[in-house]
Amino acid sequence: MNNQLLETQLNDNSTQNKTTGNILAIVIIVLISLTIWWLFPISDPYVQEVLSLEGNKTRGEAIFQVNCAGCHGLNGAGNVGPSLLNVTKHKSDSQIIKQVISGKTPPMPKFQTSTEDMADLLNYLHQL
Ligand code: HEC
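Rules and cut-offs
Residues numbered from 1 in each chain as written. Predicted model: local features only at pLDDT ≥ 70, side-chain atom pairs only at ≥ 80, totals over all residues. Heavy atoms only, no water. Near = heavy atom within 4 Å. Polar contact = N/O pair within 3.5 Å; in protein donor to acceptor, adjacent residues only side chain to side chain. Helix = DSSP H or I, 4+ residues; strand = E, 2+ residues; numbered from the N terminus. Nonpolar A, V, L, I, M, F, W, Y, C, P; charged D, E, K, R; others polar. Axes fitted to C-alpha atoms, helices over the stretch in contact; angles between N-to-C directions. Parallel < 35°, antiparallel > 145°, perpendicular 65-115°, else oblique. Left-handed = near helix turned anticlockwise from the far one by under 90°. Contact = heavy atoms within 4.5 Å. Buried < 20%, exposed > 50% of the residue type's maximum accessible area, 1.4 Å probe, protein only. Donors = N, O, S within 2.8 Å, 3.2 Å for Na, K, Ca; no water. Tetrahedral: all angles 85-135°; square planar, octahedral: opposite > 155°, others 65-115°. Salt bridge = Lys/Arg side-chain N within 4 Å of Asp/Glu carboxyl O.

## Focus: the site of the ligand
Okay, so step 1: Neighbouring residues of the ligand: 19 residues in total, closest Cys68, Cys71, His72, Lys91 and Met108.
Okay, so step 2: Here a nitrogen atom of the ligand and a side-chain polar atom of His72 are 2.7 Å apart.
Okay, so step 3: Between the ligand and the protein, one listed contact pairs an oxygen atom with a side-chain N or O atom of Lys91 at 2.8 Å.
Okay, so step 4: Broken down by secondary-structure element, the contributors of at least two residues to the shell around the ligand are α4 (69–72), α5 (87–90) and α6 (93–102).
Okay, so step 5: Its residues placed into classes, the shell around the ligand shows 12 nonpolar, six polar and one charged.

Pasting the structure below:
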């Protein structure tokens with residue numbers, strides 16, 4: 001009788017252990033996915049397409065003069081906006097693209113331009 005009770009308790013314990021194990025496994029999987037997502041944030045199809053294009057510096061410069069030079073200076077050395085010289089050394093391409101298209105850093109406006117134009121712009125920023 002006592003043995004039976006003990007066995008039931010043991011069984012209960014092992015079911016509980018399995019449940020805890022499953023929850024732990026799920027938590028670990030979620031943490032790993034979050035880490036991967038954090039390490040490789042380039043999942044946006046727009047960003048991916050821009051990055052896959054070569055970009056043309058001369059076109060990029062023209063686009064820059066029209067849309068960006070008012071704030072960032074004719075040669076990107078800065079005016080109302082910060083200097084963009086060497087910006088590609090402290091910001092990744094995807095960060096720059098997101099900053100330009102998001103409008104999340106006012107007063108810089110949102111530039112929702114074609115992927116082609118963005119690739120040209122990015123190419124120009126790399127030469128600054
Ligand atoms: C109305 C003024 C304005 C215009 C126009 C503008 N910007 Fe900006 N930009 C800013 C300001 C201000 C910041 C700083 C925002 C912040 O970090 O909070 C900035 C930041 C940036 C940064 C990040 C700089 C860094 O060192 O982190 C990049 C890259 C950039 N702009 C690119 C562009 C490009 C490319 C264009 C044209 C398509 C453009 N900006 C047009 C005002 C402007």
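Next comes the rest of the write-up.
## Observations regarding the packing of helix α2 (residues 45–52) against α6
Packed helices, taken two at a time, are described by the angle between their axes plus the distance between the axes.
Okay, so step 1: Interaxial distance between α2 and α6 falls to 10 Å at its minimum, and their mutual angle equals 120°. Relative to α6, the element α2 is oriented oblique. In this structure, α2 meets α6 at a crossing whose hand is right-handed. Contacts from Tyr46, Val47, Val50 and Leu51 of α2 reach α6 at Asp93, Ser94, Ile97, Lys98 and Ile101.
Okay, so step 2: For the contact of α2 with α6, a count of residues per class yields six nonpolar, one polar and two charged.

## Focus on unusual backbone geometry
Okay, so step 1: For the bond running from Pro106 to Pro107, omega is 5°, close enough to zero to count as cis.
Okay, so step 2: Along the chain, Pro107 falls in the loop between α6 and α7 (115–127).

## Examining the side chain of Thr88
Okay, so step 1: Its location among the elements puts Thr88 in helix α5.
Okay, so step 2: Under the relative-accessibility criterion, Thr88 is labelled buried at 17%.
Okay, so step 3: In contact with Thr88, other than residues within four places in its own chain, are Ile96, Leu125 and His126.

## Focus on the coordination of the iron atom of the ligand
Okay, so step 1: The coordination sphere of the iron atom of the ligand contains the protein donors His72 (NE2) and Met108 (SD), at a distance range of 1.9 to 2.1 Å.
Okay, so step 2: Around the iron atom of the ligand, the six donor atoms are arranged such that angles at the metal cover 83 to 179°; this shape is classified as octahedral. Of this pair, His72 sits in helix α4 while Met108 is found in the loop between α6 and α7, placing the two residues 36 residues apart along the sequence.
Okay, so step 3: By relative accessible area, His72 is classed as buried at 9%.

## Let's talk about the pattern of salt bridges
Okay, so step 1: Within the structure shown, the criterion is met by two salt bridges.
Okay, so step 2: For Asp117, the salt bridge is made with Arg59, and the minimal N-O distance between the two is 3.0 Å. Residue Asp117 is found in helix α7, and its partner Arg59 is found in helix α3 (residues 57–67); the two are separated by 58 residues along the sequence.
Okay, so step 3: The residue Arg59 makes a salt bridge to Asp120 at a minimum N-O spacing of 2.6 Å. In this pair, Arg59 sits in helix α3 while Asp120 sits in helix α7, placing the two residues 61 residues apart along the sequence.
Okay, so step 4: Residue classification places Asp120 among the buried residues on the basis of a relative accessible area of 1%.
Okay, so step 5: Within this structure, Arg59, Asp117 and Asp120 form a network of salt bridges that share partners.

Take it as geometry only, folks, not as evidence of what the structure does.
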